[in-house]
2 protein chains.
Amino acid sequence: MKFSCNSQFLQKAMGIVDKAIPVRTSMPILENMLIELNSGELKLTGNDLEIGIQNSIRIENESTNGSVLVKSKILLSILSKLQNQTVQISVDENNSMSLKSENVDFDILCSSKEGYPEFPSLSTDISFDVKVSELRDLIKHTIFSVSMDETKQFLNGILIKNEGNDLFFVSTDGYRLSLKKHTLESIEKEFYVIVPYKAMNELNKIIQVLEPDKIVQVKLSDTQVSFALDSFLMISRIINGKFPDYNQVLPKQTENIFTLSRRICLEAAERASIIATSSNNVVRFIFEGDKLGIKANAIGLGEFYEEIAITRISGEGEVRVAFDVKLLLEALRNIESDEFKIKCNDGATPFMFEPISEGDYMYVIMPIRANEFQPTQVQKEQPVTA
Amino acid sequence: MKFSCNSQFLQKAMGIVDKAIPVRTSMPILENMLIELNSGELKLTGNDLEIGIQNSIRIENESTNGSVLVKSKILLSILSKLQNQTVQISVDENNSMSLKSENVDFDILCSSKEGYPEFPSLSTDISFDVKVSELRDLIKHTIFSVSMDETKQFLNGILIKNEGNDLFFVSTDGYRLSLKKHTLESIEKEFYVIVPYKAMNELNKIIQVLEPDKIVQVKLSDTQVSFALDSFLMISRIINGKFPDYNQVLPKQTENIFTLSRRICLEAAERASIIATSSNNVVRFIFEGDKLGIKANAIGLGEFYEEIAITRISGEGEVRVAFDVKLLLEALRNIESDEFKIKCNDGATPFMFEPISEGDYMYVIMPIRANEFQPTQVQKEQPVTA
C-alpha cells in the first residue's frame, strides 16, 4: 500500500472512524483501524463489536492498493503533530508503515488484516431519511434522560419508532421522560427499535461537524440499525427488550397550564440547587396566582426563596410540588425556546414541560411525593416502567 | 453587620481570599471565610494554617459594623448566581446571614468568629519590591520544576534568595533545575528562603488578574514570607531545610554551544514523544554539523527520526545524548523567546538551555546515561542534590 495525502484531511476522516475504536479491550485487535486502499478509494474501518464505523476518502494522486491494521490512537497522534502537511504513507511486505513528511520520518509496526472481524451488513427494507440538523435535534432532546442503570437494559438507549409519518425519539430513566417528534415525508412500514446510548452519543458527536442540510439515511432491521451519509456508515446493534408503555401513564388531560420564561426559571433553579444539593436535591415549587415561589432548605445550611412571574392559562387554586432539582435543571437546559408551558394536575402526578416554539418536544418529570426524598417511594410513582 | 454591594465585585474580592480556604479539612472552622466590617472597610480572611490571605474592599454606602464566619464555597456559589446585581447582606444576632437581591432571598447559617485562628503577623526588616509582571515571570519560569516528592521537603518549593542586588528564583527536582534572575533596585540584607509550592502556585493565580505595573512588596523572616499589594496580603510559612548547592555541579565552562528555534525543536520533541512514551520517555539527540537528529524507538511500536537545523557557535565533533522527553517538553514550553542556546560538554554532564532574549533564565537538564532509562543510575548523576 502506498499513497500520499494531506495530514489534516486524513486525520479528520480517521477521527470519525476512531469513535468506534476502543482504547483498551480484552481483544487488542479491535484497537486497530483497518485501512484498505483500492483504486484510489481509501476505506477506513473501526469496530468494537457493538458499533462499527466505515468512512472513505478519495486519494487523487498515484497510489498502490493494499490493506493494513494500524493502532488507531498512535496514527491519530502522529497525524495531529504533522502540521497540515502532505504525508507519504507506505506499507512494506513486513507490515511496517512508513509516514514521511518533510524532515519527519515515522516507522510504525502494523499487522495484516487477518483475524479482524467482518464488518456487519444489514439487510432490511425499512428505512427513512432525515436531515443532519433534524437528527441532531432529535438526539439532543432525548439523550440526556437515557438511563445509565445497567440493570435496566431496556432503558439504556433511545427508542426510535413511528406512528404513521410521525417519527418519535423517546428516552426515560423512570423518573423523567423526554419525547421528541418529527414528521417524515412518507413512510410505509412500522418500526420500533431501542438504539444503545453509546451509538447515539458517538453519532451525535460525529454529526455536529457535518453540514446541517445533508441527508442521513437510517435503516432498521430486527437486530441492527445503520446511519449512512455520503461515504460514512455507522452500524449498531439494537437493544433487545420492551420499552415501557409511557402513553398509559401520561395524563390525558391537565387541569392547570402555566407559561413562563425558561431563562428566569433556570437561573432561579440554579440558585435553589446551591441549597438543595445539601438536602437530597429537593426543590419545592408553589404556583399561586401569577407567581411561582421556588423554595429550598437544608438543615444546618440555610434556606432559599425566590418568586418568579408566570402566566396562568387554565386552572385555579394553588399547586404545590417537589422536584429533584438535578432533573429540573437538565430539562431547562435542554429546552431551546424562550418560553415554555408547564401542564399538571396536582403535586402527585406527572408534570409536563413543553417549549412553546418547539411544539414537538415534551419533557415529563415525576414529582417527589414525600416530605423528604425517599427513592423507594418515588419508584412506586414511576410513570413509565413497564 | 449590614451592608450592600455589587455581587460581582464582592465575588471577585472573595475569590482571591478563597484560595487559602480548604474544601475539606479535619478542622471544619477553616472552611469558613472571616468577614469583618469596620467603618466601611470590609476585611475578608482565609487561613488554612499554611497560607493566610487577607483582602479588603471599601463599602461606600451606609453600613453597620460586625463580623461573621461563613462557609466560603457556599457564599461564592450564591454570589456567582446573582447576575451582577446589588446584594443586601445582613447578619442577625443568631449569626444568620440574609442575602437579598431583587426577588431572591437566601438565609445562610453562619457562626461567630470565636475559635478562628489569629491571622499570622510577620516581623522582619527584610523586604524588597517587585512589579506584578516581574513576579509572574519569576514564578512561571520556575514553578514547573518544583519537586512533588514529599520525602524531599527541601525541594517542595521555590528558593528565593539574593546575591547583592540580584534576586534569584530557583527550583529543582533533582533531574532538572530552573533558575531565573531579576535585578532589584537596591537591597541591603541577604536572604535565603524556600517558599512552598502551594503558596507560589496560589499567588501565581492571583497575580494573573492584577495590573502588571503594580508593585508587590515581599517581606521575609526566618519562618515566614509575605506578599502585599494594595489591600491584598498573603502570608505563608517557609520550608525549613537546606536547598542543594546547585552551583557546585553546574559546568563552569561548556565546550559546545548551539542555537536553535524553540518552536521547531518543541514540535519535533512532541512528535518524538508519541513513540518515546512507550519506551520510558527516552529521546535521543545527535548534534552533528548544522543538524540535530532527534530519535525515539519503542519495541513493538516503531521508530521516529527527524532532523532540524541548528547553528554551532563553539565546539566541534558529534555530541550524543539521551533525555527524558517529558522534562524536555516542559522546558521548551516554558521558554518564551524564539531562539535558545544549548550549552553542553558531553552526553554524561548537565545540558544548559538558555533563551536568547531572556538572558536571565537558565534551565538545566540531566542526560539519561544508560541505554535504557534506569532511575537509580540517573539518581547518581543528579546535579543538585546536597
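**Digging into the domain arrangement of chain A**
Residues and elements named next belong to chain A.
Thought 1: The domain boundaries assigned to chain A delineate domain 1 (2-109), domain 2 (126-247) and domain 3 (250-383).
Thought 2: If you average the C-alpha positions of domain 1 and of domain 2, the two centres end up 30 Å apart.
Thought 3: In total, domain 1 and domain 2 occlude about 1100 Å² of area from one another, counting both sides; carbon and sulfur atoms represent 57% of this.
Thought 4: In terms of surface lost to domain 2, no three residues of domain 1 exceed Lys19, Glu50 and Ile51, which account for 48% of the buried area on that side.
Thought 5: Taken together, the links from domain 1 to domain 2 amount to two salt bridges.
Thought 6: One salt bridge in this structure joins Arg237 and Glu50, with 3.7 Å as the shortest N-O distance.
Thought 7: In terms of residue count, strand S4 (residues 51-58) provides more of the side of domain 1 that touches domain 2 than any other element does, six residues in total.
Thought 8: Here the residues of the side of domain 1 that touches domain 2 sort into three nonpolar, four polar and three charged.

**Examining the interface of chain A and chain B**
Reports of interface size often rely on the accessible area that becomes lost once the parts have come together.
Thought 1: At the junction of the two partners, chain A supplies 26 residues and chain B supplies 26 residues.
Thought 2: Between chain A and chain B, a total of about 2400 Å² is buried, with carbon and sulfur atoms accounting for 62% of that surface.
Thought 3: Its largest share of buried area at the contact with chain B, chain A owes to A:Lys81, A:Arg271 and A:Ile274, together 23% of the area lost on that side.
Thought 4: The tally of links from chain A across to chain B stands at two salt bridges.

**Some thoughts on unusual backbone geometry**
Thought 1: At A:Gln83, a residue that is not glycine, the phi angle is positive and equals roughly 55°.
Thought 2: With respect to the element layout, A:Gln83 can be found in the loop between helix H2 (72-80) and strand S6 (86-91).
Thought 3: A residue is classified by how much of its surface remains accessible, and A:Gln83, at 37% relative accessible area, is partly exposed.
Thought 4: Of note in this structure, B:Asn84 is not a glycine but carries a positive phi near 55°.
Thought 5: Tracing the backbone shows B:Asn84 in the loop between helix H2 (72-80) and strand S6 (86-91).

**Quick look at the relation of the copies chain A and chain B**
Thought 1: The transform that puts chain A on chain B rotates by 180° and translates by 0.0 Å along the axis, for an RMSD of 0.0 Å. This pairing of chains is accounted for by a two-fold axis.
Thought 2: A share of 100% of interface residues in chain A that are also interface residues in chain B marks the association as one of identical surfaces.

**Side note on the nonpolar core**
Thought 1: The biggest cluster of nonpolar side chains holds 109 residues, and the ones touching the most others in it are A:Ile35 and B:Phe353.
Thought 2: The dominant element in this core, judged by the number of residues it contributes, is helix H5 (residues 262-276) of chain B, at eight residues.
Thought 3: If near-sequence neighbours (up to four positions away) are discounted, B:Phe353 is found in contact with B:Leu328, B:Ala331, B:Leu332, B:Ile335, B:Phe340, B:Lys341, B:Ile342, B:Tyr361, B:Met362, B:Tyr363 and B:Ile365.
Thought 4: Membership of the second largest hydrophobic core comes to 108 residues, among which are A:Phe323, B:Val104, B:Leu167 and B:Ile238.

**Section: the environment of B:Glu211**
Thought 1: Looking at where B:Glu211 falls in the secondary structure, it is placed in the loop between helix H4 (197-208) and strand S14 (215-220).
Thought 2: Distance from B:Glu211 to B:Val146, taken between C-alpha atoms, is 26 Å for residues 65 residues apart in sequence.

**So, the side chain of B:His182**
Residues and elements named next belong to chain B.
Thought 1: Mapped onto the elements, His182 comes out in strand S12 (residues 176-183).
Thought 2: Of the polar contacts made by the side chain of His182, one reaches the side chain of Glu134; its length is 3.3 Å.
Thought 3: Apart from the residues lying within four places of it in its own chain, the contact partners of His182 are Val130, Glu134, Leu138, Asn165, Asp166 and Leu167.

Conventions and cut-offs
Residues numbered from 1 in each chain as written. Chains lettered and ligands numbered in written order. Predicted model: local features only at pLDDT ≥ 70, side-chain atom pairs only at ≥ 80, totals over all residues. Heavy atoms only, no water. Domains from an automatic or database assignment. Buried area = accessible area lost by both parts, 1.4 Å probe. Salt bridge = Lys/Arg side-chain N within 4 Å of Asp/Glu carboxyl O. Helix = DSSP H or I, 4+ residues; strand = E, 2+ residues; numbered from the N terminus. Nonpolar A, V, L, I, M, F, W, Y, C, P; charged D, E, K, R; others polar. Contact = heavy atoms within 4.5 Å. Buried < 20%, exposed > 50% of the residue type's maximum accessible area, 1.4 Å probe, protein only. Least-squares fit on C-alpha atoms with pLDDT ≥ 70 in both. Core = buried A, V, L, I, M, F, W, Y, C linked by side-chain atoms within 4.5 Å. Polar contact = N/O pair within 3.5 Å; in protein donor to acceptor, adjacent residues only side chain to side chain.

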